[in-house]
Amino acid sequence: MKTFHLHGKSCCSWFLLGLLALVASLASGAGIHFHEFVIQARPVRRLCKTQNIVTVNGQFPGPTVEARNGDYIIIRVVNAAQYNISIHWHGLRMMRNPWADGPSYVTQCPIQPGGSYTYRFRIRDQEGTLWWHAHTGFLRATAYGAFIIYPRLGSSYPFSMPKQEYPILLGEWFDRDLVLLKRQADFTGLPPNTSVAFTINGQPGDLYRCSRQETVRVRVDAGDTIMLRIISSALNQELFFSIANHTMTVVGTDAAYTKPFRTKLLVIGPGQTFNVLVTADQPPGLYYMAAHAYESARNAPFDNTTTTAILEYRSTKLTNQNRPRSPILPALPPFNDTPTATAFTAGIKGLTKVKVFNRVDVNLYIIVGLGLINCTNPNSPRCQGPNGTRFTASMNNVSFVLPTTTSLMQAYYEGMRGVFTTDFPPVPPLQFDYTGNVPRGLWTPSPGTKLYKLKYGSKVQIVLQGTSMVTSEEHPMHVHGYHFFVVGSGFGNFNPATDPLKFNLVDPPVRNTIGTPPGGWVAIRFVADNPGIWFVHCHIDSHLNWGLGMALLVENGVGLSQSVKPPPPDLPQC
Ligand code: C2O
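Attention here is on the structure that accompanies the text. (Residues numbered from 1 in each chain as written. Predicted model: local features only at pLDDT ≥ 70, side-chain atom pairs only at ≥ 80, totals over all residues. Heavy atoms only, no water.)

## Observations concerning the overall build of the chain
Right, so step 1: Within the chain one finds 5 helices and 32 strands.
Right, so step 2: Since a compact globule built from 574 residues should have a radius of gyration of about 25 Å, the 23 Å found for the chain is in line with a globular shape.
Right, so step 3: Considering only C-alpha atoms, the chain reaches an extent of 65 × 60 × 50 Å along its principal axes.
Right, so step 4: Buried residues in the chain amount to 60% of all 574 residues.
Right, so step 5: Sequence-distant contacts, at least 24 apart, represent 79% of the contacts inside the chain between residues at least 6 apart.
Right, so step 6: Accessible surface computed for the chain: about 22600 Å², of which carbon and sulfur atoms make up 53%.
Right, so step 7: Of the charged side chains in the chain, 48 are positive and 34 negative, and the gap between their average positions amounts to 3 Å. (Helix = DSSP H or I, 4+ residues; strand = E, 2+ residues; numbered from the N terminus. Rg over C-alpha atoms; globule rule 2.2 N^0.38 Å. Buried < 20%, exposed > 50% of the residue type's maximum accessible area, 1.4 Å probe, protein only. Contact = heavy atoms within 4.5 Å. Areas by Shrake-Rupley, 256 points an atom, 1.4 Å probe, with all protein chains shown as cover. Lys, Arg positive; Asp, Glu negative; His and termini not counted. Charge placed at Lys NZ, Arg CZ, Asp CG, Glu CD.)

## Examining the sheet that holds strand β19 (residues 307-313)
Right, so step 1: In space, the 5 strands of this open sheet follow the order β11-β19-β18-β13-β16, with mixed pairing throughout. Strands with a single pairing partner mark the edges of an open sheet, and in this sheet they are β11 (217-220) and β16 (265-268). Each adjacent strand pair in this sheet contributes to an overall mean axis angle of 20 degrees, direction not counted. (Pairing = 2+ DSSP bridges. Axes fitted to C-alpha atoms, helices over the stretch in contact; angles between N-to-C directions.)

## Looking at the environment of V438
Right, so step 1: Note that V438 resides in the loop between α4 (408-413) and β23 (446-448).
Right, so step 2: For V438 and A331, which are 107 residues apart along the polypeptide, the C-alpha to C-alpha distance reads 37 Å.
Right, so step 3: In contact with V438, other than residues within four places in its own chain, are F432, D433, W443, S468 and M469.

## With respect to the nonpolar core
As a rule of thumb, soluble globular proteins bury nonpolar side chains together.
Right, so step 1: Counting residues in hydrophobic clusters, the biggest one holds 105 residues, and the most contacted among them are W89, F147 and M395.
Right, so step 2: It is strand β20 (residues 362-374) that contributes the most residues to this core, 8 residues altogether.
Right, so step 3: Setting aside its immediate chain neighbours within four residues, W89 contacts F37, I75, M94, A100, D101, Y119, F121, W131, W132 and F147.
Right, so step 4: Among the nonpolar cores identified, the runner-up in size contains 53 residues, and L170, I243, A290 and L311 belong to it. (Core = buried A, V, L, I, M, F, W, Y, C linked by side-chain atoms within 4.5 Å.)

## Remarks on the sheet that holds strand β6 (residues 116-122)
Right, so step 1: The 4 strands lie next to each other as β2-β1-β4-β6, forming an open sheet whose pairing is mixed. If you trace the sheet from one side to the other, it starts and ends with β2 (49-56) and β6, each paired once. Ignoring strand direction, the axes of neighbouring strands in this sheet form an average angle of 20 degrees.
Right, so step 2: Note that strand β4 (residues 72-79) and β6 share 7 bridges and pair antiparallel. Paired with I73 across the two strands is F121, which belongs to β6.

## Observations regarding helix α2 (residues 178-188)
Right, so step 1: Of the residues making up α2, those classed as buried are L178, V179, L181, A185 and T188.
Right, so step 2: Structurally, α2 contributes buried residues whose contacts are with β21 (389-395).
Right, so step 3: Sitting at the amino-terminal end of α2 is D177, which places a side-chain oxygen 2.8 Å from the backbone nitrogen of V179.
Right, so step 4: Looking one or two places after α2, you find G189, whose phi comes out positive at around 80 degrees. (Polar contact = N/O pair within 3.5 Å; in protein donor to acceptor, adjacent residues only side chain to side chain.)

## A closer look at helix α3 (residues 338-346)
What sets the pattern is the α-helix's 3.6 residues per turn: residues three or four places apart point alike.
Right, so step 1: Taken as a whole, α3 has its buried residues at T338, A341 and F344. All buried residues of α3 lie within an arc of 130 degrees about the axis, which places them on one face of the element. Exposed and oriented more than 90 degrees from the buried face of α3 are P339 and A343. (Arc of directions from axis to C-beta.)

## Examining the side chain of T249
Right, so step 1: Summarising the element assignment, T249 is placed in strand β14 (residues 248-253).
Right, so step 2: Dropping the residues within four chain positions of it, T249 is found in contact with P260, F261, R262, N275, V276 and L277.

## Looking at the packing of aromatic side chains
Right, so step 1: A complete count under the given rule lists 28 aromatic pairs for this structure.
Right, so step 2: Ring centres of Y482 and W534 lie 6.4 Å apart, and the angle between their planes is 90 degrees; this geometry places the pair in the edge-to-face category. Of this pair, Y482 sits in the loop between β26 (475-479) and β27 (484-491) while W534 sits in strand β31 (residues 532-538); the two residues are 52 residues apart in sequence, bridging distant segments of the chain. In this pair, the class of Y482 matches that of W534, namely buried.
Right, so step 3: Relative to W521, the ring of F503 has its centre 6.3 Å away and its plane inclined at 50 degrees; by these criteria the two rings are tilted. Of this pair, F503 sits in the loop between β27 and β28 (510-511) while W521 sits in strand β30 (residues 520-527), and the two are 18 residues apart along the sequence. One exposure class covers both F503 and W521, and it is buried.
Right, so step 4: One aromatic cluster is present, formed by F37, W89, Y117, Y119, F121, W132 and F147 through successive ring pairs.
Right, so step 5: The ring centre of W173 lies 6.0 Å from the NZ or CZ of R46, which sits over that ring. (Phe/Tyr/Trp six-rings, centres within 6.5 Å; stacked < 30°, edge-to-face > 60°. Lys NZ or Arg CZ within 6 Å of the ring centre and 35° of its normal.)

Now the structure itself:
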C-alpha cells in the first residue's frame, strides 16, 4: 500500500492516473491518495487451525484508507485471487459516479481473476468513519478494512481532539471457505452456518482457543481521552459492544457527527460505524472491550461466543507481580435484549446544519422480511428448510435477483433491454397485518429484478416495515450512494396517520445503515440528488443472498452537473 499526500508538492510518475484530479486538487488544496489493492488468498491461522482466506494485500483486516474531506482517491484493485470480486466503499456517496460504488452486478461486473479495475472518486462533505468491503457473495467476511475521513486541513472535530485514535473492526470468523459456505447454503435452502468466533481487528481474543497471544491491545495513558472508530464488518450478526467500567461518548455514526451521547453499550449492525470517545478515568489496569451477539430472531441458531480486546493502561508500572491476572470483563446484555437495543438506537441524535424537509414528493412503504419457498419435492436435499421448504427474503414481495450477464448500471447506461424492469411496487402489493400472525400462504414472494425510478432532486421518504413472516427480526438496511435522516421508528405496523406526527425533523441522526426494529418499522428521508442506480439491501449477507434487496434508479437531472458521469474505460465486462 502506498499513499502519496500531495499538498502542492511536485508530482511523480503515476500522474497519468490522475492528471485531472491532480490539477483540481492543486487548485483546491485537496490531497490525492493512490493505493493498490491486490486481492489474494493467504493462509491465516485462527482458533488452532490454518485456513486460506481472501485478503487485500495479504492483510487481515485489510489496509486502512485515510484521507480528508474533499480529497481524491484512486485505488487500483488487482484480482490475484481465484474468485470474481469487486470492492464497495461503504457509505461514500460517489456523487454522479456509481461506477466507483462497487457492488457486483449492480454498478459493475466483478473483476475477474487476473483482471484489474481502478476506482476513482472524490470525498464530498463527509467526515468520520466508513469502511470498504468486497461486494461479491460472502467474500466480504475476510476482505474488508477501515476508511477514515478526517476534516479538511484547517478545520477540526466538533469536540476536543482525542489523544489517539484506533480503528476497531468487529468481524465474524467462519470455519470454512466463504465460497463453499454460500454454495452450501444455496444448495440446502438453509441459512449458512453461523460463525465460530467474532473478531476485533481480525483477532478472536482471550476467550477462544489458541488466540490469547494475539489478542488486540489498545494502550492508553491514564487520564487521556482516545477515540475508537468502531466498524461492524460482521457478515450476518448484529452485536452488543461494551468496555468494562468505562463509559463511551458517541460523537459520530456512519461518517456524520452526532450530539455527544454517553453510553455503556453499543448496538451495532453489519455495516454501521460509531465514533466513540473513551476517557481512561479508571484505576490503572486491564479492561476488556467485548462484543457478543444481539439476536432478535426467535429460535434462530447464532454464534453465542464473545470476542475481546484489551484496554491497557500504559502509565502504570505493571510488573509481573502486580499485573492483574485477567482483565475485567464488561457485562453485556442478554442476546435477545431488544428493549436495550432499541433504547440505545433511539438515543442517537444528529448534529447537522442541514434542515430536514417537511414536504415529501415520493413516499415509499416497503415491507422487508423473510419467506419460505415451497418445493415440489419436500424431501429433496435442496429443501432442508421448515417442512421441506427453502428460505427466501423480499422487499414488497419481490425477492431480488441480480443479473448475471451484465450489471444494472451498464444495462441502464447502454440502454440494454431485458435486464431489469422499473416496476418495483411503492407499497406492498397486498395489504395485511404485516407484524401479526401472517397466513402461511403469504410467505412466498416472487423473484424479480425490479427497480424504483426517482426523479432527480425529489424529496423521498421510505418507511421500511419489518414483517413477522417466518420470524420477526431486525434488518440493518443499507442504502448505497446516499446517507439519510432517520426520522422515526416504532414497533408494530406503521400508522401513516399518527406516526408521522411524532417524526423527529429537528435533530435526526444521519446514517447509511439503519435497522428495522424486530416487528417494527423505521422511516428515512433523503433528497435524490445523486443520479445512478443504487442498491438498497439488508446488510445481513444471508438475507441479501435470499433476495432482501432492491435498487433505486435516480434519473439524471438537467445538464452535466446533474448527470451520471461516463463510465471509466477500464470498467470490467462480465
Ligand atoms: Cu456495505 Cu451493499 O454494502
